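Descriptive analysis of the structure
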Amino acid sequence: MNPSIAVAAAPRRWRTFLVTTLLMWMLTALWSQATPLMSVTDEPSHTIRAAAAARGEIVGEVGALSDRGLIDFQVPQGIADANQLTCTAWQSNTAADCQPDVADPVEPLADGPSSAGVNLPTYYVVVGWPSLLVGGEAGMWLMRLWSALLFAALVGIAAMQLRTLPQHRWALTGLAVGAIPTAVYIGGSLNPNGLEWAGAAALFATLLALGRTTSTNRELLERGAMVAVSAVLLVSARGVTPLWVALALVAALLAARSDILMGLVRRWQLWAAVGAAALLMGLSALWILRPPDYGIEGLPSDGRGESAIVGARLAWERMPLHWDQLVNWYGWQDTEGPAFSRLVLLTVLIGFALTGVALARRGLRVAAAMLVVAFVIVPIALSALLITDAGYIWLGRYMLAVVPLITITTGVALDERGVGASPIGETLRWWLLGTVGAVQVVSYIYILRRFSVGQDDSLVSMLLRPEWQPALMTIPSIGLTAIVVAACVLLVGRARDEAPGTAASGPAPTAAQARPILADRLG
């Protein structure tokens, strides 16, 4: 083991995990309680599926609403009525006080219609168990908070693993930049898209750490378990997610150091982790390849029956809309955030992507370029592939998982260039963290206004005359969010790289050892 690139001490890295998880859970919980139940796209369907999966019902039954692509599951009456809480959907000027009360008991069970009947059951089994304890709104809130904790724990894994890199200031900054408001917003709801973002971040960060630092046997088992868990949770989100796993794996291999990678393949701990991950991924693949056949066509969708060329053209023409949706749309894709968020976030993300391609070296540069190309090409290719059978179904948030792959890659490239150690680099990093932190708070305020008084009403009305308020009330919620975001900015901003020799004594790696794998082939 080369001591100069050894993994950070266990207490230090696990402290990073715990602190990051706590802060992210607080932030996602604050977003969650600021957005009323069932106010996120398709949340009723995901909620019903989760409550049914917790009760052992993995496959539903064709019911009265099958002509609308909905499958019936047996859930408590209050959760079956989740679709009655969607009065704000597509009504951006309707405050959330329009929601009716729903039943509380966990028994008896009733038919609950869901459009998520063919989705992988993994996510739903994991998040549905709180509905066994309490029904109605309380059960839904507990499921939300539990899902938010899983999201936060995956972010904690990503931060923990990036922290083990000898130079990690910009790598952690890349993770923070990639945590765009829409990702945190969805992470605090009952929607697997949140775990898609966090799972991709955790998987990629752990793979990077495996390929760029040495590991003891215990550390290798630890990292292998994290790879397996994050990959399975990532794949559980949607049918396209195996592609994100492949992108993360290829990018991490391109960024790996050859001496470390060659040492890994000779260790049984790695192959034990690979075997466990392959088994779990294989079970997921079986479901993806052969989902339940209910004999229905699914939800009606525009463009069904059109040619692949039409699908590709539509995706190309709507690319600016997709990018806007990615960083700036909320609710049932019916509420835009502030123009400030759109301008700043798109500028930062595009700048980060181009910086990664320009400054990365050898294999890491190829990884950055591959991820940027995939970000542009994948929606076009998948829209062309799916439009004939499913119609045009693409939304900007479906690319959430690729965002942290790009921003973390750029961060690692900047660390490798030594940017984090320069005074100018440190100043830029603090300004960048402060900016994305401000965007997070501003977006939170605007979305809270949307549900408090309606999108077109004033911020003054939200503060003084709210028609609906979150559990923690309006003004305290804003204050607490600002405090938590500031704590996150300070946590990342104060990160310091390892001084040479602090991990352990020993010689520094030679130039040949430090070359990324495939460097000779990729120039």
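Our structure's up above, just so we're on the same page.
Starting afresh in each chain, residues are numbered from 1 along the sequence in its written order. Totals for whole chains, interfaces and linings use every residue, but because this is a predicted model, local features are given only for residues with pLDDT of at least 70 and side-chain atom pairs only at 80 or more, for both listing and counting. No hydrogens and no water enter the side-chain calculation; it runs on all heavy atoms of the structure.

This part covers the overall build of the chain. A count of helices and strands for the chain gives 22 helices and 5 strands. Taken over C-alpha atoms, the radius of gyration comes to 23 Å for the chain, in line with the 24 Å a tight globule of 523 residues would show. Per-residue accessibility, obtained with a 1.4 Å probe over protein chains only, is compared with the maximum for each type, and a residue is labelled buried under 20%, exposed over 50%, and partly exposed between these values. A total of 523 residues make up the chain; the buried ones form 57% of that total. Only heavy atoms matter for contacts: two residues are in contact if any of them lie within 4.5 Å across the pair. Pairs at least 24 residues apart make up 82% of the contacts formed inside the chain by residues separated by at least 6 positions. Each charge class in the chain can be summarised by its mean position, and for the 34 positive and 35 negative side chains these summaries are 16 Å apart. Only DSSP runs of H or I with at least four residues qualify as helices, and only runs of E with at least two residues qualify as strands; both kinds are numbered from the N terminus onward. Two things to know: the radius of gyration comes from C-alpha atoms, and the globule rule equals 2.2 Å times the number of residues to the power 0.38. Neither His nor the chain termini are counted; the positive set is Lys and Arg, and the negative set is Asp and Glu. The location of each charge is read from NZ of Lys, CZ of Arg, CG of Asp or CD of Glu.

A few words now on the nonpolar core. Among soluble globular proteins, nonpolar side chains are generally buried collectively. Formed by 149 residues in total, the largest nonpolar core has its most connected members in Trp-197 and Trp-244. If sequence neighbours within four positions are ignored, Trp-197 has contacts with Phe-151, Val-155, Leu-175, Gly-178, Ala-179, Ala-183, Leu-400, Ala-401, Val-403 and Pro-404. By nonpolar core is meant a set of buried Ala, Val, Leu, Ile, Met, Phe, Trp, Tyr and Cys residues that side-chain atoms within 4.5 Å join together.

Quick look at the packing of aromatic side chains now. Here a Phe, Tyr or Trp ring, Trp counted by its six-membered ring, pairs with any other such ring whose centre lies within 6.5 Å, and the pair is stacked when the planes are under 30 degrees apart, edge-to-face when over 60, and tilted otherwise. Taken as a whole and judged by the stated rule, the model has 11 aromatic pairs. Summarising the aromatic geometry, the rings of Trp-31 and Tyr-185 are spaced 5.8 Å apart at their centres and angled 70 degrees between planes, so their arrangement reads as edge-to-face. With Trp-31 in helix H1 (residues 10-34) and Tyr-185 in helix H7 (residues 181-187), this pair connects stretches of sequence that are 154 residues apart. We note that Trp-31, like Tyr-185, is buried.

It is worth spelling out the environment of Ala-381 at this point. Within the secondary structure, Ala-381 sits in helix H16 (residues 362-390). It is 24 Å that separates the C-alpha atoms of Ala-381 and Thr-182, two residues lying 199 residues apart in sequence.

This part covers the sheet that holds strand S2 (residues 71-76). On the basis of which strands lie adjacent, the open sheet formed by 3 strands has the order S1-S2-S3 and antiparallel pairing. Of all the strands in the sheet, just strand S1 (61-62) and strand S3 (109-114) have a single pairing partner and so form its edges. A pair of strands is treated as paired once DSSP finds two or more bridges between them. As defined by bridge partners, S1 adjoins S2 across 2 bridges and the pair is classed as antiparallel. Residue pairing across strands places Val-62 opposite Ile-71, the latter belonging to S2. Angular values range over 0 to 180 degrees, each being the angle between N-to-C directions of two axes fitted as lines to C-alpha atoms, with helices fitted over their stretch in contact. Relative to S2, helix H2 (residues 43-54) is tilted by about 65 degrees, and along the sheet it contacts S2 and S3.

Okay, the state of the cysteines next. The disulfide criterion is simple: two cysteine sulfur atoms within 2.5 Å. For the structure on display, the rule yields 1 disulfide. One disulfide bridge connects Cys-87 with Cys-98, the sulfur atoms lying 1.8 Å from each other. One disulfide, between Cys-87 and Cys-98, carries an S-S torsion of 80 degrees and so falls in the right-handed class. Residue Cys-87 is found in the loop between helix H3 (77-80) and S3, and its partner Cys-98 is found in the loop between H3 and S3; the two are separated by 11 residues along the sequence.

Let us look at the side chain of Thr-474. Secondary-structure assignment places Thr-474 in helix H20 (residues 474-493). Here Thr-474 falls in the buried class, since its relative accessible area comes to 1%. Setting aside chain neighbours within four positions, we find Thr-474 in contact with Leu-448, Ser-452, Met-462, Leu-463, Pro-466 and Gln-469.

Moving on, we come to the pairing of S2. Taken across its 6 residues, S2 has 5 buried, putting it largely inside the fold. Sheet analysis places S2 next to S3, joined by 6 bridges and oriented antiparallel. Residue Val-75 lies in a different strand from S3, and its bridge partner there is Ala-110.

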